[in-house]
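# What the coordinates show
Next come the chains, spelled out residue by residue.
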Amino acid sequence: MTSPRRLSLVTDEVHPLPPDRKAGALRVAIATQDLIELNAHFGSARCFAVYEVTPAEWNFVEAVEFDDVSDESGTHRPEGDDRITRKVSALKGCHLLFCLAIGGPSAAKLVAAKIHPIKAPQPQPITDVLSRTQKMLREAPPPWLRKVLADAGVRRKKPFFQDEN
């Protein structure tokens with residue numbers, strides 16, 4: 001059992017560390033095997049690419065990597081050997097998690113940690129996932145995303161209706 005490895009951008013005087021979370025940004029984790037595509041199930045993901053997404057931009061935050069992943073055989077491990085809790089703990093601070101599939105117990109643990117799991121129908125480039133997330137933020141977010149935004153402390157301007165008479 002090894003701890004997750006966290007890989008992030010190197011900083012220097014020119015490129016300082018970003019703030020904990022940019023105001024108004026959502027932290028989005030994407031289950032991936034190669035850091036290029038959303039192409040992994042939650043339990044078998046070797047890596048999660050974490051980005052901050054705003055309506056205007058997205059920025060890479062870190063990659064969280066795991067050695068001990070599910071082989072998707074459907075068999076459970078011995079009592080006390082819990083890979084899922086380690087993954088959920090490593091994703092603390094994220095608001096959304098995109099993956100190809102996720103089991104009920106894993107989804108429940110994510111929701112309890114205030115991370116909203118989203119299943120994608122097929123593998124796709126990470127940039128496509130981030131672009132669609134931005135589009136949802138710019139336009140009218142669906143009710144589930146409005147709840148995530150409220151829980152994340154992201155306030156949206158309410159529409160202002162004014163008579164034009």
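Residues numbered from 1 in each chain as written. Predicted model: local features only at pLDDT ≥ 70, side-chain atom pairs only at ≥ 80, totals over all residues. Heavy atoms only, no water.

### Topic: the overall build of the protein
Within the protein, the regular secondary structure consists of four helices and eight strands. When the helices and strands of the protein are listed from N to C terminus, the series reads β-β-β-β-β-α-β-α-β-β-α-α. In the protein, which comprises 165 residues, the share counted as buried stands at 38%. If you take every contact in the protein between residues at least 6 apart in sequence, the share linking residues at least 24 apart comes to 58%. (Helix = DSSP H or I, 4+ residues; strand = E, 2+ residues; numbered from the N terminus. Buried < 20%, exposed > 50% of the residue type's maximum accessible area, 1.4 Å probe, protein only. Contact = heavy atoms within 4.5 Å.)

### Section: helix α1 (residues 83-90)
Regarding α1, the residues found buried are R83, I84, K87, V88 and A90. Along the axis of α1, the buried positions cluster into a sector of 165°, meaning they face one direction only. (Arc of directions from axis to C-beta.)

### Thoughts on the packing of α1 against helix α2 (residues 104-112)
Relative orientation of the contacting elements α1 and α2 amounts to 30°, with a least axis distance of 10 Å. The orientation of α1 relative to α2 falls into the category roughly parallel. For the pair α1 and α2, the sense of crossing is right-handed. Facing I84, T85 and V88 of α1, the residues of α2 in contact are S106, K109 and L110. Along the lines of polarity and charge, the residues of the contact of α1 with α2 split into three nonpolar, two polar and one charged. (Axes fitted to C-alpha atoms, helices over the stretch in contact; angles between N-to-C directions. Parallel < 35°, antiparallel > 145°, perpendicular 65-115°, else oblique. Left-handed = near helix turned anticlockwise from the far one by under 90°. Nonpolar A, V, L, I, M, F, W, Y, C, P; charged D, E, K, R; others polar.)

### Notes on the pairing of strand β7 (residues 116-119)
Within a regular beta strand, the side chains point alternately toward one face of the sheet and then the other, so they alternate between its two faces. Bridge count for strand β6 (residues 96-99) against β7 is four bridges, and the pairing is parallel. The residue of β7 that forms the bridge with F98 is I118. (Pairing = 2+ DSSP bridges.)

### Overview of unusual backbone geometry
Even without a glycine there, the phi angle at L35 is positive, about 60°. As for its position among the elements, L35 is in the loop between β2 (26-32) and β3 (37-38). Residue classification places L35 among the partly exposed positions, given a relative accessible area of 39%. With a phi close to 65°, K114 is a non-glycine residue in the positive phi region. Within the fold, K114 resides in the loop between α2 and β7.

### What to know about the pairing of strand β5 (residues 58-65)
Where strand β4 (residues 47-53) meets β5, seven bridges bridge the pair, whose relative direction is antiparallel. Looking at β5, one finds that A49 is bridged to A63. Hairpin connection from β4 to β5: four residues lie between these consecutive antiparallel strands.

### Focus: α2
For an α-helix the count is 3.6 residues per turn, leaving residues at separations of three or four pointing the same way. The set of residues buried in α2 consists of S106, A107 and L110. Projection of α2 onto a plane perpendicular to its axis shows the buried side chains occupying an angular sector of 100°, all on one side. Projecting away from the buried face of α2 at angles above 90 degrees are the exposed residues G104, P105, V111 and A112. Looking at the buried residues of α2, the elements they touch are α1, β6 and β7.

### A look at the pattern of salt bridges
Under the definition given, this model contains one salt bridge. Among the salt bridges present, the one from E52 reaches R27, with a minimum N-O distance of 3.0 Å. A residue pair is termed long-range when its members are at least 10 positions apart, and E52 in strand β4 and R27 in strand β2 qualify at 25 residues. The pair formed by E52 and R27 is uniform in burial state, with each residue classed as buried. (Salt bridge = Lys/Arg side-chain N within 4 Å of Asp/Glu carboxyl O.)

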